[in-house]
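# Residue-level structural notes
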Amino acid sequence: MTRMKILHTADWHIGKKLDNFSRLDEQRLVLEEICEIAEREAVDAIVIAGDLFDNFNPSSEATELLYSTLHRLSANGTRAVIAIAGNHDSPERIQVPDALAKVCGILFVGFPNTEVKPFCTQGQVEIVKTAPGFIEIKLPNAAFPLRILHTPYANEQRLKTFLGVEESEEALRIHLQEHWQMLADRYLDDRGFNLLATHLFVMQKGGEMPEEPDDERPILHIGGAQAIYTENFPKQVHYIALGHLHRFHQVDKVPAPAVYSSSPLAYSFSEANQHKYVILIEAETGKLIGYKPVELLKGKKLRRNSFHGIDEAIEWLGEHQEDLIELTIISDNYLEASDKKRLLDAHSGIVQIIPQVKRSEVADTSSEVDLSLSMEKLFQEYFKSKNKGQEPSEGLMEVFREVLGSEAE
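Below you will find a few notes about this structure. (Residues numbered from 1 in each chain as written. Predicted model: local features only at pLDDT ≥ 70, side-chain atom pairs only at ≥ 80, totals over all residues. Heavy atoms only, no water.)

## Structural notes on the sheet that holds strand 16 (residues 276-284)
Here we have six strands laid out as an open sheet, ordered 6-5-4-1-16-17, and mixed in their pairing. Either end of the sheet is taken by a strand with one partner, and the two such strands are strand 6 (106-109) and strand 17 (287-296). Taken over all neighbouring pairs, the strand axes of this sheet differ in orientation by 20 degrees on average, direction set aside. Two strands pair when backbone bridges link them, and strand 1 (residues 4-9) and strand 16 are joined in this way by five bridges, in the antiparallel orientation. Counted as the bridge partner of His8 is Ile279 from strand 16. Where helix 1 (residues 24-40) meets the sheet, its contacts fall on strand 1, strand 16 and strand 17, and the angle it forms with strand 17 comes to roughly 140 degrees. Seen against the sheet, helix 2 (residues 60-74) touches strand 4 (45-49), strand 5 (80-84) and strand 6 and runs at an angle of roughly 130 degrees to strand 6. (Pairing = 2+ DSSP bridges. Helix = DSSP H or I, 4+ residues; strand = E, 2+ residues; numbered from the N terminus. Axes fitted to C-alpha atoms, helices over the stretch in contact; angles between N-to-C directions. Contact = heavy atoms within 4.5 Å.)

Right under this line is the structure:
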């Protein structure tokens, strides 16, 4: 029996920076790696579950990288590529290239009620059935169809405009459950492979709430609902392709594996030391054979570490010259400019240096000010009152004396 192969990926965030560090060159490398995996595994379709871009107005370089990558993935219209909008994407912008994209078998889904019109590419990727939120695709090398329930990210305004959902605690869950169940009852049976793709915050009801990345825009309160529960998905689906959370994990196994594929790169230091993946899905008629994460190896690693001494930190930096670094320096006084320069000279990929001053005895918090003290002493006492008793560094005092001297002149 012929098996179908599908590649699930998400959260590309093309154009995203880490502070002032551009990641575009790394993104080119890792997206090329994804293309190589698709070609090596001879996949029949690719599903990208949202956050194609990092913002609503991506640069021309980011846009070109997305389109060139999707064109390669489509293999001249012989492979289906389905890309839905995430909370970082402009749905209008995602659907702009729709007419040209269809020629290559690339389907962009920007809005919750998007209906893809039937078409067939020269490579015989054919959309045979459609409805708002649903497509059925006939693939050239598969003996059975791929059915996809597609739900891009929807904020409160989009929910009101396109879905007619009112704001209440359960409104989004109830609407989506009913919407998915209606489509499942009408179009999903065991004569094809049934996949649901969405960009939402998904968890088990009553389970532990997954953490969102530090710099990810929270979508915990879409339409007033905190999260979509796995029990809201219809039992007819065989796999649930999720986007939004950047860590690979299976949220639940019931009614089907609900999987966050992870982002292809670590995009914040909360993701330091995470492994990144795409998901290779294998299916037969009416069932999931299995899925496996395929690790992505391209791009820089993000590392964070803490040190009490500058020399110790510089030695560690020398061991991780190819990585991007968040460094915490723990000391009795604030970091001197000369020490910061030594660190920056030792490594070109330091994104952040965080000085962490040890707690010391808290200075007298009395509101009374002894005006008989010198200006220098008054400044020291003020600094201590604002910094939990910490004495200002000698470097800072020298700057204060310079300012005081110039004013006196």
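There's plenty left to go through after this.
## A short note on the packing of aromatic side chains
Taken as a whole, this structure holds seven aromatic pairs when the rule is applied. Centroid distance Phe379 to Phe383: 6.3 Å. Interplanar angle 45 degrees. Geometry classified as tilted. Residue Phe379 and its partner Phe383 are both found in helix 9 (residues 375-386); the two are separated by four residues, about one turn of the helix. Residue Phe383 is classed as buried on the basis of its relative accessible area of 11%. (Phe/Tyr/Trp six-rings, centres within 6.5 Å; stacked < 30°, edge-to-face > 60°. Buried < 20%, exposed > 50% of the residue type's maximum accessible area, 1.4 Å probe, protein only.)

## Description of helix 7 (residues 310-318)
Turning to helix 7, its buried residues are Ile310, Ala313, Trp316 and Leu317. The buried residues of helix 7 all sit within an arc of 125 degrees when viewed along its axis, so they share a single face. Of the exposed residues in helix 7, the ones pointing more than 90 degrees away from its buried face are Asp311 and Glu315. Buried residues along helix 7 sit against strand 18 (302-307), strand 19 (324-331), helix 8 (337-346) and strand 20 (350-357). (Arc of directions from axis to C-beta.)

## Quick word on the side chain of Glu136
Mapped onto the elements, Glu136 comes out in strand 8 (residues 134-138). On the basis of relative accessibility, which here comes to 7%, the residue Glu136 falls in the buried class. Here the side chain of Glu136 touches Arg147 through a polar contact of 3.2 Å, side chain to side chain. (Polar contact = N/O pair within 3.5 Å; in protein donor to acceptor, adjacent residues only side chain to side chain.)

## As for unusual backbone geometry
The omega angle of the peptide bond from Val254 to Pro255 is 5 degrees, so this bond is cis rather than trans. As for its placement among the helices and strands, Pro255 is situated in the loop between strand 14 (249-252) and strand 15 (258-260). You will see that Asp19, though not glycine, has its phi angle at about 55 degrees, which is positive. The class for Asp19 is partly exposed, based on a relative accessible area of 46%.

## Describing the pairing of strand 1
Counting buried residues in strand 1 gives five out of six residues, a clear majority hidden from the surface. Here strand 1 pairs with strand 4 via four bridges, running parallel. Looking at strand 4, one finds that Thr9 is bridged to Ile48.

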